[in-house]
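Coordinates in review
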Amino acid sequence: MPRLLSAEEMREIESAAMDSGSVTGRALMERAGQGAVAAALSRWPDLASRAHRAVILCGPGNNGGDGFVVARLLAGRGWEVRVLLMGDPAGLPPDARANHDLWAGIGPVEEMTQAVRDKPDLVVDAIFGTGLSRPFEAEGITAALADMAEGEAVRVLALDMPSGWCSDSGRWLGEGITPTRANLTVAFHAAKRGHYLGDAPEACGALAVVEIGLDESEAGVSLVSAPPARRLMKQGGHKYGYGHALILGGGVGKGGAARMAARGALRIGAGLVTLAVPGAALQENAARLDAVMLTRMNDVRDLAEILEDDRLNALCLGPGLGHGGGTRALVHAALEVERPVVLDADAMTSFEEDPEELFDALHLGVVLTPHMGEFARLFPDLAAPLKESPEAGPAYSRLDAARLAAERAGCTILLKGPDTIIANAESAALHGAFYDRAAPWLATAGAGDTLAGFITGLLARDDDPFFAATAATWLHADCARDFGPGLIAEDLPERLPRVLARLA
Ligand SMILES: NC(=O)C1=CN([C@@H]2O[C@H](COP(=O)(O)OP(=O)(O)OC[C@H]3O[C@@H](n4cnc5c(N)ncnc54)[C@H](OP(=O)(O)O)[C@@H]3O)[C@@H](O)[C@H]2O)[C@@H](O)CC1
Ligand SMILES: Nc1ncnc2c1ncn2[C@@H]1O[C@H](COP(=O)(O)OP(=O)(O)O)[C@@H](O)[C@H]1O
Ligand SMILES: [K+]
């Protein structure tokens, strides 16, 4: 899986390479500029066909240095280039200063003021990249940038990050200021976490990652990619070899969520799936189910009896289960048998008065699948800082929140959203439904229930919770993308065969 870096990890990789003597900062900066120009011309071939006009906004650090390189390269292609600098050239770090001086031999460096007015073909945002450490206060500059960018024909190219966005958290660091936006963001060496978190991906427009000659490393968190097909296919054997998932369902008229979860578990390859519902709801469920089996479960005693069959090796509680003491008792009974279990929706919310009661009972085989609202009920202190405007970068992120929650809960947490985070005590991974994996059709009722079912099905197949959660998330988004507009949650399990066949 590709790795997503924090600003600090990126700096460590750069310094290690420079200290080893394998590369200089100047060479890295030159390649960054070259990569950015190449990425822009490849995305917008009309810009490659003849010379155009560019305005380049350079900041006081090395991001600004990249901007000077881009200015020089475009001028070399015959472009008319206007360069504006925020701050004093004397304060630029050495590599940026060197590139400033090279540019100064070609054209003027204007002072960046709020009064920039222009309508170029390309605006290059090289104000701040990974070094943004304080709130972004340049309101006039962002307004000028937005003004220049207005209109169909103008393209905004952001170097590393649209300025003002925190590259660690994907959060906007300019409270009260209209956020910057780009049409294309070019990241150097590796994508940063902020390219896949919060609102930043939308602000980035498209994302291109360019090589600047640094070695791959194990630093960072994984960006979830396609799961290996061999772990998802069936290789002969008996249905019990693929496990038996038990999904708990709600009462009369409340069974849809659990039925979708059950169908998801079966489609993803659990050998057998049984839905357990109160006696009064048996008939309506029987009318809606074929391959999914049905059993009666009126209360926690019934559940304990059902669980005496230890072939039921993965459980799912939450979708449509109802809120309150009855559900809490069921969750305790399910956790006591120490089998892999997904706790979703009502199974989490039922503990909002006393989350510790839940945490005390959790074990390593559990996957909690909250969306942000549910997360805030179980981990109010970890969610609260995400609602406040960050004061400095690198800012606290959803990734940080999910990791801390996983540590506290002692299990795997899957924090849902367009940026889904999967974390346990050892690892974290991020699935970004952005760029070429956008799946906005997942914003539909019941999408989360099917995801819970997908995870449960993989747990029944004996996959470990972290793999089950990451693979299910990827498949879930792929089903949505494969279906496209018009998607409703029932469609998700029905798309799995196609998605799985393509992976095979
Ligand atoms: N190192 C390399 O070799 C390579 C680096 N590369 C490029 O460098 C970028 C990282 O460079 P960077 O670390 O210099 O950070 P950058 O984003 O330019 O900003 C730092 C400057 O902004 C200032 N500042 C911060 N916040 C502020 C605020 N709110 N308002 C006002 N000022 C603020 C801060 O001031 P300070 O906090 O130090 O006082 C400092 O002057 C990276 O994104 C990539 O583009 C590539 O070329 C590859 C090779
Ligand atoms: N805009 C979006 N882009 C990508 N994925 C999304 C988007 N909105 C929601 N999702 C995904 O859809 C699912 C919704 O789950 P949830 O909020 O629990 O819905 P429900 O409770 O209706 O089942 C999650 O997996 C979430 O990651
Ligand atoms: K930038």
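Residues numbered from 1 in each chain as written. Chains lettered and ligands numbered in written order. Predicted model: local features only at pLDDT ≥ 70, side-chain atom pairs only at ≥ 80, totals over all residues. Heavy atoms only, no water.

1. Overview of the site of ligand 1
Around ligand 1, the surrounding shell holds 22 residues, and the nearest of these are D66, G129, R134, P135 and D160. D66 is positioned such that a nitrogen or oxygen atom in its side chain is 2.4 Å from an oxygen atom of ligand 1. Within the complex, 77% of the 930 Å² of free accessible area of ligand 1 lies under protein. One can see that ligand 1 is located within the second largest pocket. Counting only elements with at least two residues in the shell around ligand 1, the list comes to α2 (25–43) and α4 (62–76). The biggest single contributor to the shell around ligand 1 is α2, with four residues. (Near = heavy atom within 4 Å. Polar contact = N/O pair within 3.5 Å; in protein donor to acceptor, adjacent residues only side chain to side chain. Areas by Shrake-Rupley, 256 points an atom, 1.4 Å probe, with all protein chains shown as cover. 1 Å grid on protein atoms, 1.4 Å probe; cavity = no way out; pocket = protein on both sides within 12 Å on 5 of 7 lines; lining within 4 Å. Sits in = over half its atoms within 2 Å of the grid points. Helix = DSSP H or I, 4+ residues; strand = E, 2+ residues; numbered from the N terminus.)

2. Here we look at the UniProt feature "domain: YjeF C-terminal" (unreviewed entry) in the chain
UniProt's feature table lists "domain: YjeF C-terminal" (unreviewed entry) at residues 222–503, given in the numbering used throughout. Between the C-alpha atoms that bound residues 222–503 the distance is 20 Å, and the span itself is 43% helix and 15% strand. (UniProt positions renumbered as here; feature names shortened; annotations may be inferred.)

3. Description of the packing of aromatic side chains
Tallied over the full model, the rule gives seven aromatic pairs. Aromatic side chains W165 and W172 sit 5.3 Å apart centroid to centroid with 55° between the ring planes, which places their arrangement in the tilted category. For W172, a relative accessible area of 13% gives the class buried. Joined through ring pairs, the aromatic side chains of F128, F136, W165 and W172 make up one cluster. Its guanidinium or amino end placed over the ring of F467, R231 lies 3.6 Å from that ring's centre, counting from NZ or CZ. The aromatic ring of Y242 is capped on one face by K234, whose charged end is 4.9 Å from the ring centroid. (Phe/Tyr/Trp six-rings, centres within 6.5 Å; stacked < 30°, edge-to-face > 60°. Buried < 20%, exposed > 50% of the residue type's maximum accessible area, 1.4 Å probe, protein only. Lys NZ or Arg CZ within 6 Å of the ring centre and 35° of its normal.)

4. Notes on the coordination of the potassium ion (ligand 3)
Bound to the potassium ion (ligand 3) on the protein side are N63 (OD1), D125 (O), F128 (O), L159 (O), M161 (O) and S163 (OG), at distances that span 2.5 to 3.1 Å. Taken together, the six donor atoms surrounding the potassium ion (ligand 3) define angles of 69 to 169° at the centre, an arrangement classified as irregular. Linear spacing of the donor residues for the potassium ion (ligand 3) on their chain is N-x61-D-x2-F-x30-L-x1-M-x1-S. Placement of the pair is N63 in helix α4 and S163 in the loop between β6 (155–159) and β7 (184–188), with a sequence separation of 100 residues. (Donors = N, O, S within 2.8 Å, 3.2 Å for Na, K, Ca; no water. Tetrahedral: all angles 85-135°; square planar, octahedral: opposite > 155°, others 65-115°.)

5. A word on unusual backbone geometry
In this chain, G393 is followed by P394 through a cis amide linkage whose omega measures -5°. Structurally, the position occupied by P394 is in the loop between α15 (380–387) and α16 (398–409). Its identity is not glycine, yet H189 carries a phi of approximately 75°, on the positive side. In this structure, H189 sits in the loop between β7 and α7 (200–204).

6. Focus on the side chain of T473
Relative to the helices and strands, T473 resides in helix α18 (residues 465–483). T473 gets classed as buried once you look at its relative accessible area, which sits at 5%.

7. Considering the site of ligand 2
Taken together, 18 residues are adjacent to ligand 2, and K416, G417, G446, G448 and D449 come closest. One of the backbone nitrogen or oxygen atoms of G417 is found 3.0 Å away from an oxygen atom of ligand 2. Backbone polar atom of G448 to an oxygen atom of ligand 2: 2.7 Å apart, as the coordinates give it. Surface burial for ligand 2 is 77%, taken as the share of its 570 Å² of free accessible area covered by protein chains. Taking a 2 Å distance to the grid points as the criterion, the majority of the atoms of ligand 2 fall inside the largest pocket. Ranked by the residues each element gives to the shell around ligand 2, the list is headed by helix α17 (residues 447–460), at four residues. Grouping the constituent residues of the shell around ligand 2 by class yields nine nonpolar, seven polar and two charged. (Nonpolar A, V, L, I, M, F, W, Y, C, P; charged D, E, K, R; others polar.)

8. Thoughts on the pairing of strand β10 (residues 244–248)
Here β10 lies mainly inside the structure; five of its five residues are buried. Residues H244, L246 and L248 line one face of β10 and the alternating positions A245 and I247 line the opposite face, and both faces are buried. By the bridge criterion, five bridges tie β10 to strand β11 (residues 272–277) in an arrangement that is parallel. The partner of H244 across the bridge, within β11, is L272. As a crossover connection, the stretch from β10 through helix α8 (residues 256–267) into β11 is right-handed. Taken together, the four bridges between β10 and strand β13 (residues 312–317) define a ladder with parallel strand orientation. Of the residues in β13, the one forming a bridge with A245 is A314. (Pairing = 2+ DSSP bridges. Right-handed = clockwise from strand over helix to strand, strands pointing away.)

9. As for the domain arrangement of the chain
The domains assigned to the chain are domain 1 (3–218) and domain 2 (229–503). A C-alpha centroid distance of 40 Å is found between domain 1 and domain 2. Taken together, the contact pairs 22 residues of domain 1 with 22 residues of domain 2. Interface of domain 1 and domain 2: buried area, both sides summed, is about 1600 Å²; carbon and sulfur atoms make up 61% of it. The largest per-residue losses of area from domain 1 upon contact with domain 2 belong to R171, Y196 and L197, which jointly make up 37% of the total buried on that side. Across the domain 1-domain 2 interface, the total number found is zero salt bridges. Applying the counting criterion to the domain 1 and domain 2 interface returns seven residue pairs in polar contact (both at pLDDT 80 or more). If you list the elements that add at least two residues to the side of domain 1 that touches domain 2, you get α7 and β8 (206–210). (Domains from an automatic or database assignment. Contact = heavy atoms within 4.5 Å. Buried area = accessible area lost by both parts, 1.4 Å probe. Salt bridge = Lys/Arg side-chain N within 4 Å of Asp/Glu carboxyl O.)

10. Quick look at the packing of α8 against α17
It is the contact of α8 with α17, at a shortest axis distance of 7 Å, that shows an interaxial angle of 40°. For the crossing formed where α8 meets α17, the hand is right-handed. Packed against α8, whose contacting residues are A257, M260, A261, G264 and A265, the element α17 presents D449, T450, G453, F454 and G457 at the interface. Class assignment for the residues of the contact of α8 with α17 results in five nonpolar, four polar and one charged. (Axes fitted to C-alpha atoms, helices over the stretch in contact; angles between N-to-C directions. Left-handed = near helix turned anticlockwise from the far one by under 90°.)

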